[in-house]
Amino acid sequence: MSTMLQYKCPCCGGKIEFDSSLQQLKCPYCDTAFDAKDLKDYDEVLSNEEIQEELHWDDPDSGQWEAGEGMNVFVCNSCGGEIITEPTTAATHCPYCGNPVVLMGRLAGDLKPDLVIPFQLDKEAAKEALQKHLTGKKLLPKLFKDENHLDEIKGVYVPFWLFDAEADANIRYRATRVRTWSDSSYIYTETSHFALLRQGGLAFDNVPVDGSSKMADELMESIEPFDLGKAVDFQTAYLSGYLADRYDVAWDQSIGRANERVQKSTQEAFARTTVGYTSVLPESTSIKLASGKAKYALLPVWILNTSWNGQKYTFAMNGQTGKFVGNLPMDKGAYWRWWAIWTVILGAGASLVLLLLRLMGII
Amino acid sequence: MKRILICLSLCLLLSLSLALPGSASVDRLVDESDLLTDSEELAVEAELDRISEEWDMDFVIVLPETLGGKDEQAYADDYFDYNGYRYDGALLLLCPRENARYLSTCGEAMDIIGLDAIREGVLGHYEEGDYYAACMGYAQTCESLLQEHADSGGFSVGLLIIGLIIGAVLSFLIPMSILKGQLKTVAPKAAAADYVRQGSMNLRVERDIFLFRNVSRTAKPKNNSSGTHTSSSGRSHGGGRL
């Protein structure tokens, strides 16, 4: 069941949005601000009000969107305009009046997130980060910075599954330690072989896995880590002014990815306990994972889409830490120019080293 | 005035003659045993003179009847030290009557004239009794070793090309991969190290069990030069028995 929630200023009735710099809801018209601690109560008040209102469901008679296309239509409570959304959209803007809209039904019941990390950085910070991302890169086409067009910039609360896990590892390594010495006639090499046994546990908290099929997993992992210590209990008011999606990849489909990462980290942590050997290779590895209940969280991400030379480039910024990622095109001419420059520099250095070795009689 | 000029000219001539290398008039082939014919002697001596002047060292062959009670090392070293040869050079001693065959090197030649190479160039002919070929083999081997040393001792186009090839490969591996890496910032996270619970690592079993050991040995590479020793004159010499 879906209902729409629009945050309006109790003082002037203007639309209010979450302000990441103040960490409060703020009315841009009368400058009234609301403390975060009041948001929960405010949510409840608004929810009770909205439940009295008419519910707007998919309009099968609209004729513009076939059922198979999976689009939903809502009517804006402020201006009466139609808002068309994807089935996973949980927060958006009315395309006519620009008012922020939260679709309560997509955040209720099993779909209600446990946690949310509020946006800490605003749109301007994302734009600045993009400019910084484009500077100092020698192989970036010079025209890209000037000509690329910022098509879209949006703050999105992306659904993530957070997994707690306890790994119990039983790993056996084969190790060698090599010692060499010599007398007047021979060089001796002694190789001692060892079996190393390591058993123990390692715990992980809040390993995130992107729960939205729309977001590229690689892109979302690249902006990690998120500081889940600063996550708060979910309140819809945080979503006002941003876009939000509900998950469409269930937790049991996501847990495999979390387990892969936990296993890898466990192997690395135990391998670090095998010190003092010349070589160490794992012979048998058994890692049992006990996972706790997955938590559902909405995490803040700025998505920036640009286009250049007919190609689209997507960038993402962690809305909490500011970590900015996004692949860039390469200027092949610049690549070979820089290769030639470095070849001359390193070639001259290598020639001098060879000359020195020759003069010293080593080669 | 005329007398003064004559005196000055004589002094100049005298100083010039002293400044000339002392080896200019020394014999570089001393064949007391008559192992070579006269024409062979001329040919060998001409070759030794040419090489010696060209490389500014003295290359000498001594073929004595006997060693006069000295051992071959002392005989060869002393002959080279006390007969007016330059400091840099090498002397080949062959005395079939006393089964003496020895190479003595001195100065810069100690690093250039290797015992193994001289063995290869001389010994076969010597054992066959072909002393002329043995002497010419010595001269030619010395010259080729000198040439090889000169080629390898300085900067060359070959060295520059090798350096540039190394530079080209290194620039692919280091600076270019860093510059290219700046453009690719999207990559999956293989591990979850950021989410390890602080202090949760619990190592119940940590055992290192010794299994066995094995020892292998490899022979040290033989040193081509025979090391150095000091002759009766106090000079350092290299070389050795062929």
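For the structure given in this document, a descriptive report is provided here. All values reported here derive from a predicted model rather than from experimental measurement. (Residues numbered from 1 in each chain as written. Chains lettered and ligands numbered in written order. Predicted model: local features only at pLDDT ≥ 70, side-chain atom pairs only at ≥ 80, totals over all residues. Heavy atoms only, no water.)

## Quick notes on the sheet that holds strand E2 (residues 17-19) of chain A
Hydrogen bonding along the main chain pairs the strands of a sheet, whether they run parallel or antiparallel. Residue and element names in this part refer to chain A. The 3 strands are arranged E2-E3-E4 in an open sheet whose pairing can be described as antiparallel. A single partner strand is all that each edge strand has here, and the edge strands are E2 and strand E4 (33-34). As judged from the 2 bridges shared by strand E3 (residues 24-26) and E4, these two strands associate in the antiparallel manner. Across the sheet, Lys26 pairs through a bridge with Ala33, a residue of E4. (Pairing = 2+ DSSP bridges. Helix = DSSP H or I, 4+ residues; strand = E, 2+ residues; numbered from the N terminus.)

## Brief notes about the sheet that holds strand E7 (residues 236-241) of chain B
All names here are of chain B. Read from one edge of the open sheet, 6 strands run E1-E2-E3-E4-E7-E6, paired in mixed fashion. Where the open sheet ends on each side, the last strands, each with one partner, are strand E1 (29-31) and strand E6 (229-230). Most of the contacts of helix H2 (residues 38-55) go to strand E2 (residues 58-63), to which it runs at about 155°, and overall it touches E1 and E2. Where helix H5 (residues 115-128) meets the sheet, its contacts fall on strand E3 (89-95), strand E4 (100-106) and E7, and the angle it forms with E4 comes to roughly 150°. (Contact = heavy atoms within 4.5 Å. Axes fitted to C-alpha atoms, helices over the stretch in contact; angles between N-to-C directions.)

## Some points on the packing of aromatic side chains
Counted by the stated rule, this structure contains 24 aromatic pairs over all chains. Here Tyr126 of chain B and Tyr131 of chain B contribute two aromatic rings whose centre-to-centre distance is 5.8 Å and whose plane-to-plane angle is 65°, an arrangement assigned as edge-to-face. The rings of Phe119, Tyr157, Tyr242 and Trp302 of chain A are connected pair by pair, giving a single aromatic cluster. (Phe/Tyr/Trp six-rings, centres within 6.5 Å; stacked < 30°, edge-to-face > 60°.)

## Focus on the environment of Asp31 of chain A
Counting through the fold element by element, Asp31 of chain A comes out in the loop between E3 and E4. Residue Asp31 of chain A is classed as exposed on the basis of its relative accessible area of 53%. (Buried < 20%, exposed > 50% of the residue type's maximum accessible area, 1.4 Å probe, protein only.)

## Things to note about the pattern of salt bridges
If the charged atoms of two oppositely charged side chains come close together, the side chains can form a pair. Applying the stated rule across the entire model yields 31 salt bridges over all chains. Linking Asp168 of chain A and Arg204 of chain B is a salt bridge whose minimum nitrogen-to-oxygen distance equals 3.0 Å. With Asp168 of chain A in strand E10 (residues 149-182) and Arg204 of chain B in strand E5 (residues 202-219), this pair bridges two chains. You can call Asp168 of chain A partly exposed: its relative accessible area is 32%. In this structure, Asp208 of chain B and Arg198 of chain A form a salt bridge, with 2.9 Å as the shortest nitrogen-oxygen distance. Highlighted residues: Asp208 of chain B in strand E5 and Arg198 of chain A in strand E11 (residues 186-210), drawn from two different chains. (Salt bridge = Lys/Arg side-chain N within 4 Å of Asp/Glu carboxyl O.)

## Structural notes on the pairing of strand E15 (residues 295-308) of chain A
Residues and elements named next belong to chain A. Taken across its 14 residues, E15 has 12 buried, putting it largely inside the fold. Sheet topology note: the strand E9 (residues 115-116)/E15 ladder contains 2 bridges and is parallel. From the neighbouring strand, Val116 faces E15, where its bridge partner is Leu298. The sheet contact formed by E10 and E15 spans 13 bridges and is antiparallel. The residue of E15 that forms the bridge with Ile153 is Leu304. Relative to strand E16 (residues 311-318), E15 runs antiparallel, the two sharing 8 bridges. When the bridges of E16 are listed, Ser307 appears paired with Lys312. In sequence, E15 turns back onto E16 through a hairpin of 2 residues, with Asn309 there showing a positive phi of about 55°.

## Observations regarding the side chain of Arg261 of chain A
Turning to its location among the elements, Arg261 of chain A is positioned in helix H5 (residues 251-271). Setting aside residues no more than four positions away along its own chain, Arg261 of chain A makes contact with Pro208, Glu221 and Glu224 of chain A together with Lys189, Ala190, Ala191, Ala192 and Tyr195 of chain B.

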